[in-house]
Amino acid sequence: MDIHLLPFIVLFWFSVQGGASHELLREEMYWQFMLPNTSMPKSLHDLIQPGNASTNVSGVLRNIDFVRPRPFRATYGVAYIGGDGSENVQQISTIADSTTVYFLIDDLLPGKDMMLIFTKSTNGSNFLPRKIAQTILFSSNDFSDILSYFLIEPKSNDAQIMKETIEECEAPGVKGEVKYCSTSLKSLVDFVVSKYGKKVEAFANEVEEEDKKQKYKILEGIKMMGDNQIVCHKMRYPYAVFYCHIILETRAYLVPLMGEDGSKAQAIVVCHMNTLTWNPMHLAFQILKVKPGGPPICHFLNSDTIVWVPN
């Protein structure tokens, strides 16, 4: 028997015995113990539901259906800064012409209209219990073995997406950025607690109409959550991996919205107050016609992104 298959045989056995469901419930209890002051956002809770344990197994034992990378990384904030800004520029420009990707902080006002789409995560990967996730390799040095684990063809689109995820996790942070990739719910909680302690709140978008592009009006009641936050983005991978980072000189806002169809949303906006060190070719500068070190630049977050603030 190939020893590389052992983690997945173990996971399969856990699922058959109900162990995977039990372990994921234990991780939910771990959240409640470590983070007693905040409830778990629905977008995270959906990833540990006992009924989804079989989904975890199938996601590991077969080549799951990935989605292609989005043509812009607005939701990743300054994680995009390291690029040369030329990536998919034509596609990006087309999207930016019809959708609000970046905007200036002066536009974060009640009554302002913005064309938005809050995309629901189409990568259906769920959390693995930490004891299982820790047995699975997650390194560029072991990438060929990782592809073998997941029975993925090396030249496939799936393989390229996985490679990008691992490389983004391994890349050094930009100046002033603290970053970490969590491969389980427990490791995600531990990272947050290591930075802020147990007195934190977790926030995520609450949107009635996902995957629908429409005009939204900003309502009264914008709330600044603080200028010290951890932002965690769900990555594209066969099981749930979150890219978390702390970026200096940013502010997070909770913004109430009303869609033109009458649907309501409460969405998170992150504003970067100092863009002096950003790549001059950054997409935001191209869209907004401003330069590094200019006015603060803001963007909405995706629905599978979590923001943590000390309380």
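Above this note sits the structure.
Our subject in this report is the structure included herewith. (Residues numbered from 1 in each chain as written. Predicted model: local features only at pLDDT ≥ 70, side-chain atom pairs only at ≥ 80, totals over all residues. Heavy atoms only, no water.)

**Regarding helix H9 (residues 185–196)**
For H9, built from 12 residues, the straight-helix expectation of 16 Å at 1.5 Å per residue is met to within 8% by its first-to-last C-alpha distance of 17 Å. Counting buried positions along H9 gives nine out of 12 residues, so the element sits mostly inside the fold. (Helix = DSSP H or I, 4+ residues; strand = E, 2+ residues; numbered from the N terminus. Expected span 1.5 Å × (residues − 1). Buried < 20%, exposed > 50% of the residue type's maximum accessible area, 1.4 Å probe, protein only.)

**Description of the pattern of salt bridges**
In this structure the tally under the stated criterion is six salt bridges. Here Asp-46 ties to Lys-42 by a salt bridge, and the two come within 2.9 Å at their closest N and O atoms. What makes Asp-46 partly exposed here is its relative accessible area of 32%. Residue Asp-107 is joined to Lys-112 by a salt bridge in which the shortest nitrogen-to-oxygen separation is 3.5 Å. Since its relative accessible area comes to 34%, Lys-112 is described here as partly exposed. (Salt bridge = Lys/Arg side-chain N within 4 Å of Asp/Glu carboxyl O.)

**Overview of the state of the cysteines**
Scanning the model with the defined rule gives three disulfides in all. Here Cys-169 engages in a disulfide with Cys-181; their sulfurs sit 2.0 Å apart. Between Cys-169 and Cys-181 the disulfide shows an S-S torsion of about -85°. By sign, it is left-handed. On the criterion of sequence distance, the pair formed by Cys-169 in helix H8 (residues 157–170) and Cys-181 in strand E3 (residues 177–182) is long-range, its members being 12 residues apart. Across this residue pair, the class does not change: Cys-169 and Cys-181 are buried. Here the protein chain pairs its bonded cysteines, counted in sequence order, in the arrangement 1-2, 3-4, 5-6. (Disulfide = S-S within 2.5 Å.)

**Concerning the nonpolar core**
Core analysis: the largest hydrophobic core is formed by 26 residues, its most contacted members being Trp-31, Leu-44, Phe-127, Leu-188, Ile-230, Phe-242 and Trp-308. Breaking this core down by element, the ones donating at least two residues are helix H2 (19–34), H9, strand E4 (200–203), strand E8 (230–234), strand E9 (242–247) and strand E13 (305–310). Those residues in contact with Trp-31 that lie beyond four places of it in its chain are Pro-36, Thr-38, Ser-39, Met-40, Pro-41, Leu-44, Leu-185, Val-189, Ala-202 and Trp-308. Core analysis: the next-biggest nonpolar cluster, separate from the first, contains 20 residues, Phe-143, Tyr-149, Phe-150 and Tyr-239 among them. (Core = buried A, V, L, I, M, F, W, Y, C linked by side-chain atoms within 4.5 Å. Contact = heavy atoms within 4.5 Å.)

**Points about the side chain of Thr-275**
In this fold, Thr-275 is placed in the loop between strand E11 (264–272) and helix H10 (283–288). The buried category is assigned to Thr-275, whose relative accessible area is 1%. Not counting residues within four places of it along the chain, the set of residues in contact with Thr-275 comprises Phe-285, Lys-291, Pro-292, Gly-293, Gly-294 and Ile-297.

**Remarks on the packing of aromatic side chains**
The relative placement of two aromatic rings is captured by the distance of their centres and the angle of their planes. Going through the model one piece at a time under the given rule, you end up with 11 aromatic pairs. Considering the side-chain rings of Trp-31 and Trp-308, the 5.3 Å spacing of their centres and the 40° angle between planes classify their relative orientation as tilted. With Trp-31 in helix H2 and Trp-308 in strand E13, this residue pair connects regions lying 277 residues apart in the sequence. Classification of Trp-308 by relative accessible area gives buried; the value is 0%. Between Phe-127 and Phe-242, the aromatic rings sit 5.7 Å apart at their centres with planes inclined by 25°, giving stacked as the arrangement. Taken together, the residues span a long stretch of sequence, with Phe-127 in the loop between strand E2 (113–116) and helix H6 (130–133) and Phe-242 in strand E9 at a distance of 115 residues. Among the residues examined, Phe-127 registers a relative accessible area of 0% and is labelled buried. Phe-242 sits in the buried class, given a relative accessible area of 1%. For the cation-ring pair, Arg-130 lies above Tyr-30, with the distance from its terminal atom to the ring centre recorded as 5.8 Å. Looking at Lys-186, its charged tip hangs above the ring of Tyr-30, at a distance of 5.1 Å from the centre. (Phe/Tyr/Trp six-rings, centres within 6.5 Å; stacked < 30°, edge-to-face > 60°. Lys NZ or Arg CZ within 6 Å of the ring centre and 35° of its normal.)

None of this, on its own, says anything about what the molecule does.
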